[in-house]
Amino acid sequence: MTTSPQPRPNVLAIPAYVAGKPPVARPGLTSYKLSSNENPYPPLPGVLEAATEAAAQMNRYPDMGSTALYAALGEAMGVPVEHLAAATGSVGLIYQLVNAFCEPGDEVVYAWRSFEAYPIAVTAGGAASVQVPLRADGHHDLDAMAAAVTDRTKVVIVCTPNNPTGPAVTQAELDAFIANVPSHVVVVVDEAYLEFVRMDDAVDGIATYQRHDNVVLTRTFSKAYGLAGFRVGYAVAPAPLAAALRAVSLPFGVSHVAQAAAIASLEATDELFARVEDLVERRANLVARLREVGWELPDAQGNFVWFPLGERALDFAAACGEVGISVRPFAGDGVRVSIGESEAFDRVVEVAARFAP
Ligand code: PMP
């Protein structure tokens, strides 16, 4: 009898990642992709130039130590370079966290629904997901998450703002949570949408990790910095944790094009953050217009809004598709719409009015 190679059983159990789809072209209509929480702005000329220059070295491997990027990040944030770990997008860091801290069967606690890569990375790493339901308003239930920690828990992830529902935790809530979690458990604060947060008592990630030996911040150039296609994220963490994350990283995982673009972006934060400010304004306008047509949405602190549509999620997404807009539906739960081109919002509001609760 012949046998074929079999992946580990957990590999067969990995859920599929459903990426946001591009819009289907409709005759006479400009179409818009609001399905992946991307930054709608085109690259800054200086960033594109730096990336193009780096691309001329494509026959060479990148700097595996990301030396210049760490120096630029360290200076920008006022942290030592030993506290940094770069990765192929911040999603790469989730894999590295599981790989570095979990034995097979160890538990990773996170809210659900949240970023869909969490169950994928946890399962791929042979660990077990413990998903703690969000509150009805889309916030993390941090008390329930702390209560879900067991002897097998090695990592807990706080996604703030939460993708896809939008609310962020406050500093006071985060402090209380960290105090409730044993100090040998890694507390990951996923700050992918950090730059879009506008609220009182917002989390100061840097001050927080500096106060604790078990806190890891994960951040990305994909959203506020508009580099989603280049795949560069980083962790800020106490030195031993950052070293563990670097140890399990994919060698040469951050290309020199990505490193150069990220460094050029750090030099252009004034321009980039002005764009973020504009997106935050667009978000406020959209939320206000949606309120006028009958929608009270969860607090939107990221570059997206969340419609808790339940069983109507797929119908809503199809209606958006018919008017040339792709959005991200989660069947039976809701629809996430990214804050992209404001020209698309009339159509979003028109569809939302038809589906108002
Ligand atoms: N964390 C959260 C909460 C996200 O929503 C995303 C992207 N959708 C990421 C991490 C990963 O982003 P990237 O890998 O592009 O840095």
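Residues numbered from 1 in each chain as written. Predicted model: local features only at pLDDT ≥ 70, side-chain atom pairs only at ≥ 80, totals over all residues.

## Details of the overall build of the protein
Spelled out, the test is: Helix and strand definitions here come from DSSP, where helices need a minimum of 4 consecutive H or I residues and strands a minimum of 2 consecutive E residues; each element is numbered from the N-terminal end. With C-alpha atoms as the basis for the radius of gyration, the globule rule is written as 2.2 Å multiplied by the number of residues raised to the power 0.38. We call a residue exposed when 12 or fewer other C-beta atoms sit within 10 Å of its C-beta, buried when the count reaches 20 or more, and partly exposed for counts in between; the C-beta positions come from the backbone.
The secondary structure content of the protein amounts to 13 helices and 12 strands. What you see for the protein is a C-alpha radius of gyration of 20 Å, in line with the 21 Å of a compact globule of 357 residues. Each principal axis of the C-alpha distribution contributes one length, and for the protein these read about 60 × 50 × 50 Å. Put simply, the protein has 357 residues, and 45% of those count as buried.

## What about the site of the ligand?
Heads up, the rule is: The C-beta atom of each residue is placed using the backbone, and any residue whose C-beta lies within 6 Å of a molecule or strand is treated as near it. Classes in brief: Ala, Val, Leu, Ile, Met, Phe, Trp, Tyr, Cys and Pro nonpolar; Asp, Glu, Lys and Arg charged; the others, Gly included, polar.
The immediate surroundings of the ligand are formed by 13 residues, with G89, V91, A192, T220 and S222 found nearest. No other element matches helix α4 (residues 89-101), which puts 3 residues into the shell around the ligand. Here the residues of the shell around the ligand are counted per class, giving 5 nonpolar, 7 polar and 1 charged.

## What about the sheet that holds strand β12 (residues 334-338)?
The line we're drawing: Two strands qualify as a pair provided that DSSP identifies no fewer than 2 bridges between them. Every axis corresponds to a line fitted to the C-alpha atoms, with the helix fit spanning only the stretch in contact, and the corresponding angles, defined between N-to-C directions, vary from 0 to 180 degrees.
Ordered by their spatial adjacency, 3 strands build an open sheet running β9-β12-β11, and the pairing between neighbours is antiparallel. Of all strands in the sheet, those bounded by a partner on one side alone are β9 (304-307) and β11 (328-330). Neighbour to neighbour, the strand axes of the sheet diverge by 20 degrees on average, direction disregarded.

## Things to note about the domain arrangement of the protein
What counts here: Segment limits for the domains were obtained from an automatic or database-derived domain assignment. It is the C-beta atoms, placed from the backbone, that decide contacts: two residues are in contact if theirs lie within 7 Å.
Domain annotation of the protein identifies domain 1 (9-43 + 270-354) and domain 2 (47-266). Each of domain 1 and domain 2 has a C-alpha centre, and the two are 23 Å apart. At the junction of the two partners, domain 1 supplies 30 residues and domain 2 supplies 31 residues. Counting only elements with at least two residues in the side of domain 1 that touches domain 2, the list comes to α1 (9-12), α11 (269-292), β9 and β11. Broken down by element, the residue count for the side of domain 1 that touches domain 2 peaks at 5 residues, all from α11.

## Comments concerning the packing of helix α3 (residues 67-77) against helix α10 (residues 256-266)
As a reminder of what qualifies: Should an angle fall under 35 degrees it is called roughly parallel, over 145 degrees roughly antiparallel, and 65 to 115 degrees roughly perpendicular, with every other angle called oblique. The handedness criterion is simple: a crossing whose near helix is rotated anticlockwise from the far helix by less than a right angle is left-handed, and one whose near helix is rotated clockwise is right-handed.
Relative orientation of the contacting elements α3 and α10 amounts to 25 degrees, with a least axis distance of 9 Å. As the angle between them shows, α3 and α10 are arranged roughly parallel. Relative to α10, α3 is oriented so that their crossing is left-handed. Of the residues in α10, those in contact with A68, L69, A72, L73 and A76 of α3 are Q259, A262, I263 and L266.

## Some details on the UniProt feature "modified residue: N6-(pyridoxal phosphate)lysine" (unreviewed entry) in the protein
Filter applied, for reference: UniProt positions are given in the numbering used here, feature names are shortened, and annotations may be inferred rather than shown by experiment.
The sites that carry the UniProt feature "modified residue: N6-(pyridoxal phosphate)lysine" (unreviewed entry) are, in the present numbering, K223. By the secondary structure assignment, K223 is in the loop between β7 (215-220) and β8 (233-236). Those residues within four positions of K223 in sequence are excluded, and the remaining contacts are N37, N39, A192, Y193 and N303.

## Quick notes on helix α5 (residues 117-124)
We apply this condition: Within this analysis, the arc is defined by the directions that extend from the helix axis to the C-beta atoms.
Listed as buried for α5 are Y118, A121 and V122. End-on view of α5: buried residues confined to an arc of 100 degrees, all on one side of the axis. Here the buried face of α5 lies against α4, β3 (107-112), β4 (128-133) and β5 (153-159).

## A few points about the environment of A207
Topologically, A207 is positioned in helix α8 (residues 205-211). For A207, a count of 9 C-beta atoms within 10 Å gives the class exposed. Between the alpha carbons of A207 and N303 there is a distance of 24 Å; along the sequence they are 96 residues apart.

## So, the nonpolar core
Let me state the cut-off plainly: A set of buried Ala, Val, Leu, Ile, Met, Phe, Trp, Tyr and Cys residues, joined to one another through C-beta atoms within 7 Å, is what we call a nonpolar core.
Counting residues in hydrophobic clusters, the biggest one holds 103 residues, and the most contacted among them are L97, V98, V155, V156, A235 and A261. With 8 residues, α4 is the largest single contributor of residues to this core. Two domains each donate at least three residues to this core, and these are domain 1 (9-43 + 270-354) and domain 2 (47-266). Not counting residues up to four positions away in its chain, the partners in contact with V155 are L97, V98, F101, C102, V108, V185, V186 and V188.

## A look at the confidence of the model for the protein
So the rule is basically this: Every residue gets a pLDDT, meaning the predictor's confidence in that residue, from 0 to 100.
Of the residues in the protein, 100% reach a pLDDT of 70 or more, and the chain-wide mean stands at 97. If you check the scores for this complex, the pTM reads 0.97 and the ipTM reads 0.99.

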